[in-house]
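# Close look at the chain arrangement
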Amino acid sequence: MSNFLRQIKLSSSLIRRLRHRSSSSLLCGRRSFTTSEGHRPSLVHKRSIDILHDPWFNKGTAFSMTERDRLDLRGLLPPTVMSPEMQIERFMFDLKRLEVNARDGPSDPYAVAKWRILNRLHDRNETMYYKVLINNIEEYAPIVYTPTVGLVCQNYGGLFRRPRGMYFSAEDRGEMMSMVYNWPADQVDMIVVTDGSRILGLGDLGVQGIGIAIGKLDLYVAAAGINPQRVLPVMIDVGTNNEKLLKDPLYLGLQQHRLDGDDYLAIIDEFMEAVFTRWPHVIVQFEDFQSKWAFKLLQRYRHTYRMFNDDVQGTAGVAIAGLLGAVRAQGKPMIDFPKQKIVVAGAGSAGLGVVNAARKTMKRMLGNSESAFDSARSQFWVVDAKGLITEARDNIDFDALPFARKIKEIDRQGLREGASLVEVVKQVKPDVLLGLSAVGGLFSKEVLEALKDSTSTRPAIFAMSNPTKNAECTPEEAFSIVGDNIIFASGSPFKDVDLGNGHIGHCNQGNNMYLFPGIGLGTLLSGSRIVSDGMLQAAAECLAAYMTEEEVVRGIIYPKISSIRDITKKIAAAVVREAIEEDLAEGYREMDARELCKLNQEELENFVNDSMWCPEYPKLVYKQD
């Protein structure tokens with residue numbers, strides 16, 4: 001059969017399938033939820049070697065003979081056509097063999113070697129890359145995200161091979177509105193932006209912080225099914241205060257000290273105006289901005305743009321879900337959460353974000369009144385590098401002020417301004433010890449010994465700082481010192497602890513990736529104009545309720561990472577539902593707000609599921625420009 005006849009047959013078959021789908025939808029009397037994330041052919045404007053060099057469309061040895069003829073690829077590939085499954089099997093075999101040999105010298109960690117190999121795949125075949133990532137998410141999420149992404153950012157100058165994303169710098173002032181049109185995609189659904197000022201707990205890494213934006217978006221694709229052709233990692237380079245980078249002749253960013261004040265705000269304002277002018281419906285996630293700007297930028301933009309800050313709001317949501325899970329693990333209903341005594345180590349953007357979110361949750365459970373909001377404040381003791389924060393402190397950070405303990409309160413408790421973490425734990429005897437300090441080992445033996453006197457029958461320890469070296473303690477330390485009956489959670493992955501006698505001490509990873517993909521996807525599909533507190537709260541409560549009673553009793557308060565797509569689907573549905581109830585939803589594509597409101601829970605989850613991109617090779621059809 002000639003190639004022409006083959007194409008005619010393909011086109012006729014496609015038309016018949018589309019007609020059948022259309023008639024089926026009419027007969028069923030309901031909307032088909034199939035979107036362009038489905039299996040329609042993709043039109044491409046390139047052929048031959050150009051398509052093999054394009055990671056968005058390259059299939060490598062999986063190009064069928066028909067496509068090889070249609071796209072002028074015959075002879076440019078080995079003759080055997082491999083299935084995607086065969087390709088992955090071959091890649092995985094090579095990965096296991098090469099991850100040791102790919103190390104760049106003995107000091108190069110195996111994790112970075114794995115990242116390097118995966119990144120090479122990402123550079124040449126995006127579909128296969130995401131298929132590998134989704135199928136092995138438990139193994140590779142720690143490679144593309146925390147903790148390995150921290151090492152990648154620290155060494156990004158040496159690892160950089162080809163650009164990914166966009167870079168806006170202080171030298172681009174006045175040009176950003178035109179610059180955004182340099183990006184080739186006419187539609188962008190999700191942007192993750194950083195200024196590199198506080199990458200994980202590693203400090204100011206300048207332009208090298210782009211690695212965190214790339215890693216986050218990999219998880220948006222893998223977990224939420226955001227189309228990879230519609231994501232954009234962004235670095236806003238306003239300089240760096242890292243003296244080592246300022247003196248490094250190979251540093252890739254601006255070698256000047258960071259802009260501050262109005263000059264800094266002007267850069268961020270111009271960027272936000274530019275991206276929302278070109279892509280009015282995009283969602284912008286702020287990532288790893290230093291504390292002094294994180295809250296200010298959130299308050300500056302959250303009521304006018306579709307944006308949120310994952311460090312402030314995402315971390316808070318995951319922590320709230322864990323805190324509610326800890327209440328359940330104590331054998332109490334979640335409504336008892338406002339009775340929990342919580343000592344918080346860390347008063348940065350993440351720590352204060354969690355405390356604010358927890359206070360709002362308590363307020364709602366206590367009747368949603370102002371008096372309830374005020375009384376909830378008394379459940380928190382916030383300790384920073386200077387000790388316990390009280391009203392007696394000079395120059396209290398504005399964002400920490402609501403949680404400064406009153407002098408009369410601390411006098412009754414036998415505490416003082418600047419009391420150490422050990423002193424606070426001894427006197428308060430908290431139900432929860434929550435670490436977001438970025439200080440590795442902060443929960444010392446003395447602190448953990450003090451927690452043994454907790455008034456809770458099952459105290460909870462949250463060592464949430466990233467990466468792994470910044471965790472406030474390890475699960476082994478927590479279980480061995482405080483006891484077998486604790487609840488333990490961390491920000492980075494740790495292995496469960498063998499307690500002997502067949503008992504396991506579960507290490508729950510309170511990873512932001514449980515929430516931010518669902519928040520982003522739910523906001524996108526709802527068409528909500530903003531990301532409201534209610535939408536974030538709905539996401540956290542959905543995550544908290546995901547675990548069964550049996551799992552919670554065993555000390556498991558977060559689900560397995562391997563279930564991430566199902567978790568994201570349910571969280572996104574909860575976010576959409578909340579947006580509808582708050583009258584924020586405006587709909588998505590053909591699903592307008594009115595039809596969105598008509599969906600029951602099953603239909604809503606189906607709508608979410610059908611809108612999630614899956615890494616499957618599309619049929620490629622060449623169209624001349």
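Heads up: these notes are all about the structure in this document. (Residues numbered from 1 in each chain as written. Predicted model: local features only at pLDDT ≥ 70, side-chain atom pairs only at ≥ 80, totals over all residues. Heavy atoms only, no water.)

To continue, consider the overall build of the protein. Across its full length, the protein holds 27 helices and 18 strands. Relative to the 2.2 N^0.38 estimate, which gives 25 Å for 625 residues, the radius of gyration of the protein is 26 Å and therefore close to what a compact globule would have. Seen through its principal axes, the protein has C-alpha atoms that stretch 90 × 65 × 60 Å. When the 625 residues of the protein are sorted by exposure, 57% land in the buried category. Entry remark: accessible area of the protein is about 26,800 Å², with carbon and sulfur atoms responsible for 51%. (Helix = DSSP H or I, 4+ residues; strand = E, 2+ residues; numbered from the N terminus. Rg over C-alpha atoms; globule rule 2.2 N^0.38 Å. Buried < 20%, exposed > 50% of the residue type's maximum accessible area, 1.4 Å probe, protein only. Areas by Shrake-Rupley, 256 points an atom, 1.4 Å probe, with all protein chains shown as cover.)

What follows concerns the sheet that holds strand β12 (residues 487-490). Reading across from one edge, β9-β8-β7-β10-β11-β12-β15 is the order of the seven strands in this open sheet, with mixed pairing throughout. One side of each edge strand has no neighbouring strand; the edge strands of this open sheet are β9 (387-388) and β15 (507-509). Where β12 meets β15, three bridges bridge the pair, whose relative direction is parallel. Looking at β15, one finds that alanine 489 is bridged to asparagine 508. (Pairing = 2+ DSSP bridges.)

Time to look at helix α27 (residues 601-610). It helps to recall that an α-helix has 3.6 residues per turn; residues three or four apart then point in one direction. Every buried residue of α27 is listed here: Leu604, Glu605, Phe607 and Val608. Down the axis of α27, the smallest arc covering the buried residues is 155°, so these residues share one side. For α27, the elements touching its buried residues are α22 (516-526), α25 (564-581), β16 (587-588), β17 (591-592) and α26 (593-598). Near the N-terminus of α27, the side chain that reaches the backbone nitrogen of glutamate 602, with its oxygen 3.1 Å away, is that of asparagine 600. (Arc of directions from axis to C-beta. Contact = heavy atoms within 4.5 Å. Polar contact = N/O pair within 3.5 Å; in protein donor to acceptor, adjacent residues only side chain to side chain.)

Read across the open sheet, the five strands follow the order β2-β4-β3-β5-β6; overall the sheet is parallel. Looking at the sheet topology across the chains shown, the edges are occupied by β2 (166-169) and β6 (307-309). On average, each strand axis in the sheet is inclined to that of its neighbour by 20°, with strand direction left out of account. Sheet analysis places strand β3 (residues 190-194) next to strand β5 (residues 283-286), joined by four bridges and oriented parallel. (Axes fitted to C-alpha atoms, helices over the stretch in contact; angles between N-to-C directions.)

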